[in-house]
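# What the coordinates show
Each chain, letter by letter, is given below.
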Amino acid sequence: MISTSAFAQKPPLNHDVYDSWQSVGSANISKDGKVVYFVVSPQEGDAVLTIRDVQKNNLIGTVDRAASVQTSPSGRHLTMLIKPLFSETRQARIDKKRGDDMPKDTLGIFSLTNSNLVKIPAVKSYKLPEEKGNYVVYLADREVAEEPKPADSLASGQEAEARLAGETQVVEEARPGRGARPEGGRAGAANRKKTETLLFLYHLENGIDTTFDRVDTYFISKNGEDLFYVRKAADKDSIGLDAGVFYYHIPSKSGKQISSGKGSYKQLTFDEDGEKVIFLAYKGSDKEQNKVHELYYYASGQDSARVLISQQTPGIPREWQVADAGSLRFTRDGGRILFGIAPVPRLKDTTLVDFEHAKVDIWHWKDDYLQTQQLVNLRRDQNQTYLASYALTGNGRVVPLADEQLSAVRIPDEGSQEYGLGTTDFGRRIESQWMTGTYQDIYLVNVANGERKLVRENVRGSISFSPAGKYVLWFDRMDGNWYAYAVESGRQWQLNQGMNVPFANEDNDSPDEPGAYGIAGWSEGDREVFINDKYDIWAFDMEKGTYRSITNEYGRANRITLRYQNLKPSQRRGGGGRFGGGSDPIDASKALWLNAFNHTSKENGWFKSNPKAGRNPDQIVMAPYRYAQARGAEDVDLFIYTKENYELSPNLYVSKDFIKETQLSNTNPQQAGYNWGTAELFEWTTPRGFAAQGIVYKPEDFDPNKKYPVIAYFYELLSDGLYSYVPPTPTPSRLNISFFVSNGYIVLAPDIHYEIGHPGRSAEEYINSGMKALAQHPWVDAGKLAIQGQSWGGYQVAHLITRTDMYAAAWTGAPVVNMTSAYGGIRWQSGMNRQFQYERTQSRIGATLWEKPELYIENSPLFHLPNVTTPVVIMHNDQDGAVPWYQGIEMFTGLRRLGKPVWMLNYNGDEHNLIQRQNRKDIQRRQQQFFDHFLKGKPAAPWIESGVPAVLKGIDWGFGQ
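Residues numbered from 1 in each chain as written. Predicted model: local features only at pLDDT ≥ 70, side-chain atom pairs only at ≥ 80, totals over all residues. Heavy atoms only, no water.

Here we take up the overall build of the protein chain. Scanning the protein chain from terminus to terminus reveals 15 helices and 56 strands. For 961 residues, the compact-globule estimate of 2.2 N^0.38 gives 30 Å, and the protein chain sits close to it at 31 Å. Out of the 961 residues belonging to the protein chain, those deemed buried represent 52%. Here the contacts in the protein chain between residues at least 6 apart in sequence split such that 57% fall between residues at least 24 apart. Here the protein chain has roughly 43,300 Å² of accessible surface; of this, 48% comes from carbon and sulfur atoms. Treating the 109 positive side-chain charges of the protein chain as one cloud and the 116 negative ones as another, the clouds have centres 2 Å apart. (Helix = DSSP H or I, 4+ residues; strand = E, 2+ residues; numbered from the N terminus. Rg over C-alpha atoms; globule rule 2.2 N^0.38 Å. Buried < 20%, exposed > 50% of the residue type's maximum accessible area, 1.4 Å probe, protein only. Contact = heavy atoms within 4.5 Å. Areas by Shrake-Rupley, 256 points an atom, 1.4 Å probe, with all protein chains shown as cover. Lys, Arg positive; Asp, Glu negative; His and termini not counted. Charge placed at Lys NZ, Arg CZ, Asp CG, Glu CD.)

We now examine the layout of surface pockets. The gaps of empty space that remain are located by a probe, the size of a water molecule, rolled over the atoms. Size it by volume and the largest pocket reaches roughly 1,500 Å³. The wall of the largest pocket is formed by 39 residues, among which R380, D381, Q382, N383 and Q384 lie closest to the centre. The greatest single-element share of the lining of the largest pocket, amounting to five residues, is contributed by helix α5 (residues 378–382). For the lining of the largest pocket, the class distribution of residues is 12 nonpolar, 16 polar and 11 charged. (1 Å grid on protein atoms, 1.4 Å probe; cavity = no way out; pocket = protein on both sides within 12 Å on 5 of 7 lines; lining within 4 Å. Points joined across faces, edges and corners; volume = space filled by probe spheres on them. Nonpolar A, V, L, I, M, F, W, Y, C, P; charged D, E, K, R; others polar.)

Turning to the pairing of strand β5 (residues 66–71), a few remarks are in order. Regular strands have side chains that alternate between both faces of the sheet. In this structure, β5 lies alongside strand β6 (residues 77–82), joined through four bridges in antiparallel fashion. In the strand pairing of β6, Q70 is matched with T79. Adjacent in sequence and paired antiparallel, β5 and β6 are bridged by five residues, among which G75 carries a positive phi angle near 80 degrees. (Pairing = 2+ DSSP bridges.)

A word on the pairing of strand β20 (residues 294–299). With five of its six residues buried, β20 lies for the most part within the structure. Relative to β20, strand β19 (residues 276–282) runs antiparallel, the two sharing six bridges. In the strand pairing of β20, V277 is matched with Y298. In terms of strand pairing, β20 meets strand β21 (residues 306–309) through three bridges, oriented antiparallel. Paired with Y296 across the two strands is V307, which belongs to β21. Counting the residues that bridge the hairpin from β20 to β21 gives six residues, and of these G301 lies at a positive phi of roughly 105 degrees.

Over its 16 residues, helix α8 (residues 759–774) runs 22 Å from end to end, which matches the ideal 22 Å to within 8%, given 1.5 Å per residue. Counting buried positions along α8 gives 12 out of 16 residues, so the element sits mostly inside the fold. Residues of α8 that are buried sit in contact with β47 (677–685), β48 (691–699), β49 (708–713), β50 (746–750), β51 (780–790) and α9 (792–800). (Expected span 1.5 Å × (residues − 1).)

To continue, consider the sheet that holds strand β1 (residues 22–29). If you walk across this open sheet you meet the four strands as β1-β2-β3-β4, and the pairing is antiparallel. The sheet terminates laterally at β1 and β4 (58–64), the two strands that pair on one side only. When the angles between neighbouring strand axes are averaged without regard to direction, this sheet yields 20 degrees. Where strand β2 (residues 35–42) meets strand β3 (residues 48–53), six bridges bridge the pair, whose relative direction is antiparallel. (Axes fitted to C-alpha atoms, helices over the stretch in contact; angles between N-to-C directions.)

Mapped onto the secondary structure, P317 falls in the loop between β21 and β22 (320–322). Considered as a pair, P317 and S416 are 99 residues apart in the sequence and their alpha carbons are 26 Å apart. Leaving out residues up to four positions away in the same chain, P317 has contacts with I341 and P400.

Scanning all chains against the criterion turns up one cavity of 30 Å³ or more. The calculated volume of the largest cavity comes to roughly 40 Å³. Every residue lining the largest cavity is listed: I29, S30, V35, Y37, T71, G75 and L112. Considered class by class, the residues forming the lining of the largest cavity number four nonpolar, three polar and no charged.

Topologically, H758 is positioned in the loop between β50 and α8. The buried category is assigned to H758, whose relative accessible area is 15%. Discounting chain neighbours no more than four positions away, the residues touching H758 are R844, L855, E858 and N859.

We now examine the sheet that holds strand β35 (residues 519–522). Across the sheet, four strands lie side by side as β35-β36-β37-β38; this open sheet has antiparallel pairing. Taken across any chain shown, the strands that pair with only one partner, and hence form the sheet edges, are β35 and β38 (547–549). Neighbour to neighbour, the strand axes of the sheet diverge by 20 degrees on average, direction disregarded. Relative to β38, strand β37 (residues 537–541) runs antiparallel, the two being bridged by three bridges. Each bridged residue has a counterpart across the sheet, and for F540 the counterpart in β38 is Y547.

At a minimum axis separation of 9 Å, α8 and α9 run at an interaxial angle of 85 degrees. Looking at the two axes, α8 sits roughly perpendicular to α9. In this structure, α8 contributes P759, G760, R761, A763, E764, I767 and N768 to the contact, and α9 contributes W792, Y795, Q796, H799 and L800. Within the contact of α8 with α9, the residues separate by chemical class into six nonpolar, four polar and two charged. (Parallel < 35°, antiparallel > 145°, perpendicular 65-115°, else oblique.)

Another aspect to go through is the packing of aromatic side chains. If you walk through the whole model with that rule in mind, you get 55 aromatic pairs. Centre to centre, the rings of Y646 and Y697 are 4.9 Å apart; their planes meet at 55 degrees, and the pair counts as tilted. One end of the pair, Y646, is in the loop between β44 (639–644) and β45 (651–655); the other, Y697, is in strand β48, and 51 residues separate them in sequence. Plain terms: the ring middles of W903 and F934 are 6.1 Å apart, the flat faces sit at 65 degrees to each other, and that makes the pair edge-to-face. (Phe/Tyr/Trp six-rings, centres within 6.5 Å; stacked < 30°, edge-to-face > 60°.)

As a further point, take the confidence of the model for the protein chain. Chain-level pLDDT for the protein chain is 91 on average; 93% of the residues reach the 70-or-more range. A low-confidence stretch, residues 150–190 stays under pLDDT 50, and its non-local contacts, those more than four residues away or across chains, total 108 contacts. For the stretch residues 572–582, pLDDT sits under 50, and the model shows 36 contacts to residues farther than four places along the chain or on other chains. (pLDDT = per-residue confidence, 0-100.)

F714, I767, M771, L774, I787, Y838 and M891 are the most contacted members of the largest nonpolar core, which has 48 residues in total. Sequence-distant contacts of M891, defined by excluding residues within four places in its chain, comprise A798, I801, T812, P815, V817, L865, V872 and I874. Residues I711, F740, A808 and M875 belong to the second largest nonpolar core, which totals 40 residues. (Core = buried A, V, L, I, M, F, W, Y, C linked by side-chain atoms within 4.5 Å.)

The residue Q887 is located in helix α13 (residues 886–897) in this model. Engagement of the side chain of Q887 in a polar contact is seen with the side chain of S821, the distance being 3.0 Å. (Polar contact = N/O pair within 3.5 Å; in protein donor to acceptor, adjacent residues only side chain to side chain.)

Counted according to the given criterion, the structure contains 46 salt bridges. The salt bridge involving R548 is made with E528; its shortest N-O contact spans 2.4 Å. Of this pair, R548 sits in strand β38 while E528 sits in strand β36 (residues 528–532), and the two are 20 residues apart along the sequence. Since its relative accessible area comes to 4%, E528 is described here as buried. Among the charged side chains, a network of salt bridges with common partners joins R460, R477, D512, E513 and R840. (Salt bridge = Lys/Arg side-chain N within 4 Å of Asp/Glu carboxyl O.)

To continue, consider the environment of P412. In this fold, P412 is placed in the loop between β27 (408–410) and β28 (419–424). Owing to a relative accessible area of 5%, P412 belongs among the buried residues under this scheme. Sequence separation between P412 and A468 is 56 residues, and the spatial gap between their C-alpha atoms is 6.0 Å. Among residues more than four places away in sequence, those in contact with P412 are Q417, Y419, F465, S466, P467, A468 and G469.

Looking now at the environment of G825. Relative to the helices and strands, G825 resides in the loop between α10 (819–822) and β53 (826–827). The sequence separation of G825 and A882 amounts to 57 residues, and the corresponding C-alpha distance is 9.9 Å.

To continue, consider α13. Between its first and last C-alpha atoms α13 spans 16 Å; for 12 residues at 1.5 Å apiece the expected length is 16 Å, and the two agree. Regarding α13, the residues found buried are Q887, G888, E890, M891, G894 and L895. Relative to the axis of α13, the buried residues are bounded by an arc of 160 degrees and lie together on one face. Facing away from the buried side of α13 by more than 90 degrees, the exposed set consists of R896 and R897. Buried residues in α13 make contact with α9, β52 (809–813), α10, β55 (872–875) and β56 (902–905). (Arc of directions from axis to C-beta.)

Let's shift gears to a nonpolar patch on the surface. Together, V948, V951, L952 and I955 make up an exposed nonpolar region whose accessible area comes to about 370 Å². Position of V951 among the secondary structure elements: in the segment after α15 (942–945). (Patch = residues over 30% accessible without salt bridge, like charges linked within 9 Å, V, L, I, M, F, W, Y side chains within 5 Å.)

Dropping the structure here:
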């Protein structure tokens, strides 16, 4: 019996399981709800696309390594890029291959009607029309049998196939349960002369239609009828008469050159109807440093594109030019062009000899931004553009809308687009050194003449334009209120006047004015705006000045946060929707789907709003799960979503109501073969009488008669993630919770609430008391407690071990230990100074160093290191862009001087949170060895016992056997 019991025990997770652990990636459902497709990816390896028939509940097919999956406008095909085998890419990297020598993607075209899969190798990119058409356009490398003739600007499908030596297509049926076969070999190798990138126009039903050579840029219209592409000059062709922009009309199979000449062609852009095209072009010498582009215009019926806007066009400021980095677009009615202009750049004197001149950064106290920020943002600033407009039926003048003093101007997505919204912090940018966000002035900018009207000065908060451009909306953090401005009448008012509901963050515990909960959306025509408070959604009638809770304040009454979710977003590509950056209009006269989170139970679920006045929303489901990736079919009530909790690996489901559901995926079945774990809410009272919460994770084989070591992992607030799945994955230095739980540890993840000026003391209040409360249970080994944290959590670890000896081991990642030196330091990734963090945000001191130096010293572990008795590992990397790595060095050298047991890991060239996967795997092994030694009494690994000297770096990693 003993032998049988031992055999039945599940093994713990080990470090070999990471790569194969799966997750559900991109998923979608067809408009009619008949087909669902989704990608399941391992952490490292080859993904698999699965395509299922929802109505018949059967598998249509699978495609290995599919990515960037799209549905054709007709809905009859899926297009995708099929990535090379992971093993092939890995070997290429081992062989130090780069660029075009790396394995290439394959274009996959899967037929939903007969499950055939067409595979087209060596594809660089592809595009589908947004709304109509039965074509896909793609760029692919092919080996050609002869040099193309310069005059051969358009080639028919037959002519193109005659001169292609390497074109290979594999058509096969992707049968249920198997992926597509690898590409076949290519014939005719002896006749190949060179590799060339070609543009293919491919009919999804019939195959290749037309091929175009020497193409590097292309664009297909929304209706799938018009193709524009840029053709490069042939080799040794100094004039390039057959180079330029070409137009091809797909239905008639006819085309023409609309702009000729060697040069740079950028940003081919259609209007809404596909009748007009604009682009930028430079046709001068390649030797010019400043390649001044011109804006070309082509309309249906013209013989060729003409220069519409140049540096000499009236209205462009002196010493300014059309900016090639600026985006191009038509207004919705097609009558106006919006584009970027910029000052002519000062150019470097190429006659200077570099080694004879100093390289110096000059820091000036009046600079808007620190030199470090300027250097980080150098490329962005070099490409800074300013919005301008041009009326196609106007007086031929450019109207600048933005400039260096009013740099940000936004045009609404809908409506007349008569005005733009301008915001500026000009003259107040130095304040960003110590503030989170600067004060902004708000302007209306007339798109026709550039006139500016001041709406509001000195706003610190979020500012937005309504989708149709009728209203300016802003939340002022200084008073916590929402305000509106009517563009037509100039009326300005407070939206939430007289309301006793707070719209500012109620849980803010930082020394800064709280932000808002955000805007849920707008109704059609800007009639109503929907704004969130902590729990509910409020509709404000912009004409009547009235308001109502579309959730009937049910959320606040029950401590449930309700959030509108558009489960049927517009199918338009590039953002999904017409309103406000990707959202569709909200019709609150109809029932709306609401995502729900219960703050007491931590359960998640779904409600439906009840449009009848004074009625509570209807609860559909509340359950101990986390829901994500929810999306509905456009034409029917059918939804797909993922569902998970700590014990349930995330899987994709389909349902009409989120209750009766069908599981579509089956990720990580291997989990059942390992000792997993459970998660439960843990509550206690702190020494100062505060109610506290956290999550306790226990092994699946938990035995209340045993004693377990406990590791506390923390950051700020974690208990809301009670029902989140925690996969075993090599982390960026956080605790690998599921791994340690599986290996016989209990993990506590406590919430921490902060007292301004005393973040360290707050960590003591919640973390220490939580561990002591947990240690009251007989199954906790009170002498084997440990703590682990990264970044802000790492700071708290460093602080705690200077205040208590209750911990047997500690692990801190990227900690700040000296707030006095860190206060004036730089966050190198952004170039920002760190003062704002202490005065306004996470570090929560709430004062300058010279105002309250005693708080900086109180909260700096460095000044209290003699109190440390806990063995501690520090991870701090030399390319940390958030916390200067000398903070870790200060801690290490201080503890070393004091003779305390301390280790420091510097992953060379890695960042604040580990990015490189090999480093993540390494740190997981070291964390286990460290905690196993100090909490379980296992022998110390060599790196713990004696370190690894530099002469053995890369030879011996110190893991031992």
